[in-house]
Amino acid sequence: MSRRGASGGRKPAVRSAKGGARSTAGGPAAKGKGGGKPAGKSAPRGKKAEKVVFDAPAPVAEEPRTLRLGAVPGATPGRWIDTWKERMPRVTLELVPLSFAAQRTALAEGAVDLALVRGPFDKEGMHAIPLYEELPVVIAGAESHLLATEELSPADLEGETLLTTHEDVLGDLDLPTTPSLIPPLGTIEDAVATVASGVGILVAPMSLARLHHRKDVDYRILRDAPVSTVLLAWPADATTPDIEAFVGVVRGRRATSSR
């Protein structure tokens with residue numbers, strides 16, 4: 001009997017689950033050449049699949065805004081303002097003059113965003129970064145014997161009449177001076193004008209002596225006396241990216257440096 005008769009012919013092909021024909025013998029009908037994957041349609045050679053390209057969203061223009069910087073008399077933020085203008089051209093830095101007496105109130109009530117303040121300064125609820133210290137100076141009339149030397153010590157002021165003001169920032173200096181019969185004057189400028197008239201002396205931070213300098217007065221550094229600290233301060237619960245950027249400018253960070 002021939003093989004064809006014994007088997008009743010070739011076994012019929014059966015359909016796979018994918019609907020393709022395969023041989024029960026596992027022959028070429030089930031596999032591709034060399035017994036590989038089932039034959040099927042493939043992409044023509046040399047033709048790559050197309051990529052879907054999405055348009056990038058258009059950049060959103062940054063809205064102009066303002067950062068309000070308070071500054072007490074004698075503070076010198078000029079070099080930081082110049083850097084700010086170069087680095088943050090779309091954020092206007094508005095300089096707001098503050099008196100020493102009103103420096104903390106202006107911050108607490110939101111009149112300014114941050115400020116250059118002068119110690120002593122109540123730091124409760126505030127961030128405050130010390131920036132620099134100023135030497136105290138003695139301001140005296142142009143004809144005063146105190147101006148005969150380059151520097152003075154507390155002992156040199158014995159018996160001199162010391163004027164005071166409501167803007168005193170150095171506190172009790174514990175000097176061997178004579179208290180003035182004149183009540184505390186309103187401002188440093190008022191006191192300098194009184195000194196120019198030949199009445200008393202005044203002790204103040206050097207920057208204030210320079211600010212209110214006149215031809216009929218001069219000043220000398222006072223050794224061994226309290227210094228005046230200038231700080232950058234702002235409310236602790238009101239920190240913004242713009243404030244952080246200004247702190248970076250003050251601390252000398254580069255525009256590309258991280259905090």
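Residues numbered from 1 in each chain as written. Predicted model: local features only at pLDDT ≥ 70, side-chain atom pairs only at ≥ 80, totals over all residues. Heavy atoms only, no water.

(A) Representation of the side chain of Glu-167 in the model. The residue Glu-167 is located in the loop between strand 9 (161-162) and strand 10 (178-179) in this model. Buried and unpaired, Glu-167 has Arg-118 as its nearest opposite-charge partner, separated by 8.8 Å. Sequence-distant contacts of Glu-167, defined by excluding residues within four places in its chain, comprise Phe-100, Gly-186, Thr-187 and Ile-188. (Helix = DSSP H or I, 4+ residues; strand = E, 2+ residues; numbered from the N terminus. Buried < 20%, exposed > 50% of the residue type's maximum accessible area, 1.4 Å probe, protein only. Lys, Arg positive; Asp, Glu negative; His and termini not counted. Salt bridge = Lys/Arg side-chain N within 4 Å of Asp/Glu carboxyl O. Contact = heavy atoms within 4.5 Å.)

(B) Fine view of the pattern of salt bridges. If you walk through the whole model with that rule in mind, you get seven salt bridges. In this structure, Arg-68 engages Asp-113 in a salt bridge whose closest nitrogen and oxygen atoms are separated by 2.9 Å. Here Arg-68, found in strand 3 (residues 65-71), pairs with Asp-113, found in the loop between helix 3 (103-108) and strand 5 (114-118); they are 45 residues apart in sequence, far enough to count as distant. The class of Arg-68 is partly exposed, set by a relative accessible area of 28%.

(C) Geometry of the sheet that holds strand 5. Strand order across the open sheet formed by five strands is 4-3-5-13-6, with mixed pairing between neighbours. Edge strands, defined here as strands with exactly one partner in the open sheet, are strand 4 (91-97) and strand 6 (126-134). Sheet twist, expressed as the mean angle between neighbouring strand axes with direction ignored, is 20°. Bridging between strand 5 and strand 13 (residues 228-235) involves four bridges; their strand directions are antiparallel. Bridging from a neighbouring strand, Val-117 pairs with Leu-231 of strand 13. Here helix 2 (residues 78-87) sits on the sheet in contact with strand 3, strand 4, strand 5 and strand 6, set at roughly 160° to strand 4. (Pairing = 2+ DSSP bridges. Axes fitted to C-alpha atoms, helices over the stretch in contact; angles between N-to-C directions.)

(D) View of the sheet that holds strand 7 (residues 136-141). Read across the open sheet, the four strands follow the order 8-12-7-11; overall the sheet is mixed. Edge positions in the sheet fall to strand 8 (151-152) and strand 11 (202-205), since each has one partner strand and no second. Bridge analysis of strand 8 against strand 12 (residues 217-222) gives two bridges, and the strand direction is parallel. Counterpart to Glu-151 in the pairing with strand 12 is Ile-221. Across the sheet, helix 4 (residues 188-196) touches strand 7, strand 11 and strand 12, and the angle it forms with strand 11 is around 140°.

(E) Main features of unusual backbone geometry. The amide bond that connects Gly-119 to the next residue, Pro-120, takes the cis arrangement and shows omega of 5°. Mapping Pro-120 onto the fold places it in the loop between strand 5 and strand 6. Positive phi values are uncommon outside glycine, yet Asp-224 reaches one of about 55°.

(F) Summary view of the pairing of strand 4. As paired strands, strand 3 and strand 4 are joined by seven bridges and run parallel to one another. Pairing of Arg-68 across the sheet is with Glu-94, part of strand 4. Handedness of the crossover is the feature at issue here: the chain leaves strand 3, passes through helix 2, returns alongside strand 4, and the resulting connection is right-handed. (Right-handed = clockwise from strand over helix to strand, strands pointing away.)

(G) Geometry of the packing of helix 2 against helix 6 (residues 241-250). It is at 10 Å that the axes of helix 2 and helix 6 come closest, and there the two elements cross at 125°. Here helix 6 runs oblique to helix 2, going by the angle between their axes. Every pair of crossing elements has a handedness; the one defined by helix 2 and helix 6 is right-handed. Residues Trp-80, Thr-83, Trp-84 and Arg-87 of helix 2 pack against Asp-242, Ala-245, Phe-246, Val-249 and Val-250 of helix 6. Among the residues making up the contact of helix 2 with helix 6, the classes are represented as six nonpolar, one polar and two charged. (Parallel < 35°, antiparallel > 145°, perpendicular 65-115°, else oblique. Left-handed = near helix turned anticlockwise from the far one by under 90°. Nonpolar A, V, L, I, M, F, W, Y, C, P; charged D, E, K, R; others polar.)

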